[in-house]
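Tertiary structure, described
What follows is each chain in one-letter form.
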Amino acid sequence: MRRTDSCLRESSPLEPLEGLDGRAWPECHGWQGPSPRASGTQQDWERAIPRLVLAIADALGSKGGSEVRLLGIQTKVRLLEARLTDLQSRTSIIVPIESFAPEPIEVIKPFHVVVQNKGDGFVATFFDANINASGETEEEAVSNLKDMIAGTFECLDRRLKAAQLGPGPRKQISVLRKFIKWSV
Amino acid sequence: MRIITKEHALSIAKKLKAEICQRGNRPHDIAMVFHEGRCIATLGIRRGSQKDLGHDHIPRDLHLGPHKARLLAQCPLSRDGWIEIMKQKALA
């Protein structure tokens, strides 16, 4: 039997729904169970009600199942988006440093610095010497790092004596001297 | 969101009693932190009038994680506390 809501006729909320042909609503919607008018016995109802409940549960289940699947897919997409954002934020680029022009510093041996995304900006680091700088862009971070390398070299090499250097700065100047020197 | 701003960096430099190494019109001043007459850390402070200028490199300069660097900029971590951390890392 075709299911159609057009078979419903108006009824008060307290009355059971009936189809236009006078049959009860479940029957009108394809339910094969007996109507009280057809058999009139309580045994028929006892057999029919579980089938009706199962039919309704099936109908609700198929609709609910697709919604659950959709929710699952949406959750997975959100997780993947979060993971992608996290991975993008961890992305690093490696930049070779070959010149400090126009600073009066000569590169003895080119070296690499790492630029990492840090939320709103970027941090460039020369890990060997633990010299770091920030910037709004990768280029600015690298440019600032070059200035920091030059500044650290100047302060530690020219303004302080060896005895004034603690373990960290001593290592910094030692590393820097392997890679850069003052140009004449 | 920036973890350490220029305002934080200046607070840290002041708290650690850093000596500023002036460098003319260069983009950074170098702040040197001394302990028992020896420089144990240097940090770069960007020039510019913006108080919220990003200084997220400062934690690495100080051998700290971002959270502790921020504690240093605010109140909870003192200079002595930081010196203690540096000693534990054999850096002071």
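Here, the structure is the one placed above.
Report follows, based on the coordinates. (Residues numbered from 1 in each chain as written. Chains lettered and ligands numbered in written order. Predicted model: local features only at pLDDT ≥ 70, side-chain atom pairs only at ≥ 80, totals over all residues.)

1. With respect to the overall build of chain B
- Looking only at helices and strands, chain B features 4 helices and 3 strands.
- Scanning chain B from its N terminus toward the C terminus, one meets helices and strands in the order α-β-β-β-α-α-α.
- Within chain B, the proportion of its 92 residues that are buried is 41%.
- Across chain B, contacts joining residues at least 24 apart in sequence account for 47% of those joining residues at least 6 apart. (Helix = DSSP H or I, 4+ residues; strand = E, 2+ residues; numbered from the N terminus. Buried ≥ 20, exposed ≤ 12 C-beta atoms within 10 Å, placed from the backbone. Contact = placed C-beta atoms within 7 Å.)

2. Things to note about the overall build of chain A
- When its secondary structure is counted, chain A shows 4 helices and 6 strands.
- Beginning at the N terminus, the succession of helices and strands in chain A can be written as α-α-β-β-β-β-β-α-α-β.
- When each of the 184 residues of chain A is scored for burial, the buried share is 21%.
- Restricting the contact set of chain A to residue pairs at least 6 apart, pairs at least 24 apart contribute 31%.

3. Quick word on the sheet that holds strand S3 (residues 38-46) of chain B
- On the basis of which strands lie adjacent, the open sheet formed by 3 strands has the order S1-S2-S3 (chain B) and antiparallel pairing. In this open sheet, the two strands that pair with only one neighbour each are strand S1 (19-21) and S3 of chain B. Pairwise comparison of adjacent strand axes, ignoring direction, gives a mean angle of 30 degrees for this sheet.
- Bridge analysis of S1(B) against strand S2 (residues 28-35) of chain B gives 3 bridges, and the strand direction is antiparallel. Within S2(B), the residue paired with B:Ile20 across the bridge is B:Ala31.
- Relative to the sheet, helix H3 (residues 138-159) of chain A contacts S1, S2 and S3 of chain B, its axis offset from that of S2(B) by approximately 45 degrees. (Pairing = 2+ DSSP bridges. Axes fitted to C-alpha atoms, helices over the stretch in contact; angles between N-to-C directions.)

4. Regarding the interface of chain A and chain B
- Contact with chain A, which involves 26 residues of that partner, is made by 27 residues of chain B.
- Elements with a contribution of two residues or more to the side of chain A that touches chain B: strand S4 (121-126), strand S5 (131-135), H3 and helix H4 (167-179) of chain A.
- By residue number, the principal contributor to the side of chain A that touches chain B is H3(A), which donates 8 residues.
- Among the residues forming the side of chain A that touches chain B, the class breakdown is 8 nonpolar, 12 polar and 6 charged. (Nonpolar A, V, L, I, M, F, W, Y, C, P; charged D, E, K, R; others polar.)

5. A closer look at the nonpolar core
- Within the largest apolar cluster, 47 residues are counted, with the highest numbers of intra-cluster contacts made by A:Ala124, A:Leu145, B:Ala13, B:Ala31, B:Met32, B:Val33 and B:Leu43.
- The element that contributes the greatest number of residues to this core is H3(A), accounting for 8 residues.
- Contacts of B:Met32, omitting those with residues within four sequence positions, involve A:Cys155, B:Ala18, B:Glu19, B:Cys21, B:Cys39 and B:Thr42. (Core = buried A, V, L, I, M, F, W, Y, C linked by C-beta atoms within 7 Å.)

6. Overview of the sheet that holds S5(A)
Residue and element names in this part refer to chain A.
- Here 4 strands make up an open sheet; going across it, the order is S1-S3-S4-S5 and the pairing antiparallel. The open sheet terminates on both sides in strands that have one partner only, identified here as strand S1 (92-97) and S5. Each strand axis lies, on average, 25 degrees off the axis of its neighbour in the sheet, ignoring direction.
- In the sheet, S4 pairs with S5 via 5 bridges, with the strands oriented antiparallel.

7. A few points about the packing of H3(A) against H4(A)
Residues and elements named next belong to chain A.
- Between H3 and H4, the least distance of the axes is 10 Å, while the angle of their chain directions is 110 degrees. Overall, the two elements H3 and H4 adopt an arrangement that is roughly perpendicular. Relative to H4, H3 is oriented so that their crossing is left-handed. Judged by residue contacts, Thr152, Phe153, Leu156 and Asp157 of H3 engage Pro169, Gln172, Ile173 and Leu176 from H4. (Parallel < 35°, antiparallel > 145°, perpendicular 65-115°, else oblique. Left-handed = near helix turned anticlockwise from the far one by under 90°.)

8. Observations regarding unusual backbone geometry
- The step from A:Ala101 to A:Pro102 runs through a cis peptide bond, and the omega angle for that step is 5 degrees.
- One non-glycine residue, B:Glu36, lies in positive phi territory at about 55 degrees.
- Secondary-structure assignment places B:Glu36 in the loop between S2 and S3.
- C-beta crowding within 10 Å serves as the criterion here: with 8 such atoms nearby, B:Glu36 is assigned to the exposed category.

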